[in-house]
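# Structural features, examined
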Amino acid sequence: DIWSLGVLLYELVALERPFKGPTAGALYAEVTQGKYAPVPAAAPAAIARLIKTLLSTEEWRRPSASWLLEQDEFVKNCLEQWELRKVTTDDD
């Protein structure tokens, strides 16, 4: 579902899981309360906002799959921003 896509996107960007509760109960609390570490600052702001929307605890706030599939330009721009930041960071 869309929330799971948010988890996967977070993991791809942050290289770690968004929810890390040490016990099943703690993990459940983090998930249901939407508590996770911020997306790394190196990620484009648009990706961070998308992840926040995808991981919303309120289902009605999450975009539909069809809406996401229609966002070709948004995705393209995010990937370009990500690549530019990566190149800039690699050069430092």
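Read on for a plain summary of the structure. (Residues numbered from 1 in each chain as written. Predicted model: local features only at pLDDT ≥ 70, side-chain atom pairs only at ≥ 80, totals over all residues. Heavy atoms only, no water.)

## Focus: the overall build of the chain
As a reminder, the rule being used: Only runs of H or I of at least four residues qualify as helices and only runs of E of at least two qualify as strands under DSSP, and these elements are numbered from the N terminus. Buried means the residue's accessible area, taken with a 1.4 Å probe over protein chains only, is under 20% of the maximum for its type, while exposed means over 50%, and partly exposed covers the values in between. The contact criterion used is simple: two residues touch if any of their non-hydrogen atoms lie within 4.5 Å. The positive count covers Lys and Arg only, the negative count covers Asp and Glu only, and His and the chain ends enter neither. Where a charge lies is defined by one atom per residue type: Lys uses NZ, Arg uses CZ, Asp uses CG and Glu uses CD.
A tally of helices and strands in the chain yields five helices and zero strands. Across the chain, helices and strands are ordered from the amino to the carboxyl terminus as α-α-α-α-α. Referenced to the eigenvectors of the C-alpha coordinate spread, the extents of the chain come out at roughly 45 × 35 × 15 Å. Going through the 92 residues of the chain one by one, you find that 27% of them count as buried. Counted over contacts in the chain with a minimum sequence separation of 6, partners at least 24 positions apart contribute 59%. Here the chain holds 10 positive side-chain charges and 14 negative ones, and the gap between their average locations is 7 Å.

## Considerations on helix α3 (residues 45–54)
The criterion, for reference: It is the directions from the helix axis to the C-beta atoms that the arc portrays.
Taken as a whole, α3 has its buried residues at Ala46, Ile47, Leu50, Ile51 and Leu54. Viewed end-on, α3 has its buried residues packed into an arc of 135°, placing them on one side of the element. Seen from the buried face of α3, the exposed residues on the opposite side, beyond 90 degrees, are Arg49 and Lys52.

## As for the nonpolar core
One recurring pattern in soluble globular proteins is that nonpolar side chains are buried together. The following threshold applies: As used here, the term nonpolar core means buried Ala, Val, Leu, Ile, Met, Phe, Trp, Tyr and Cys residues forming a set that is joined through side-chain atoms within 4.5 Å.
In terms of nonpolar packing, the biggest core is built from 13 residues, with Val13, Val39, Ile51 and Leu55 touching the most fellow members. Secondary structure elements with two or more residues in this core: α1 (2–14) and α3. The greatest single-element share of this core, amounting to five residues, is contributed by α1. Leave out the neighbours within four places in its chain, and Val39 touches Tyr10, Val13, Ala48 and Ile51.

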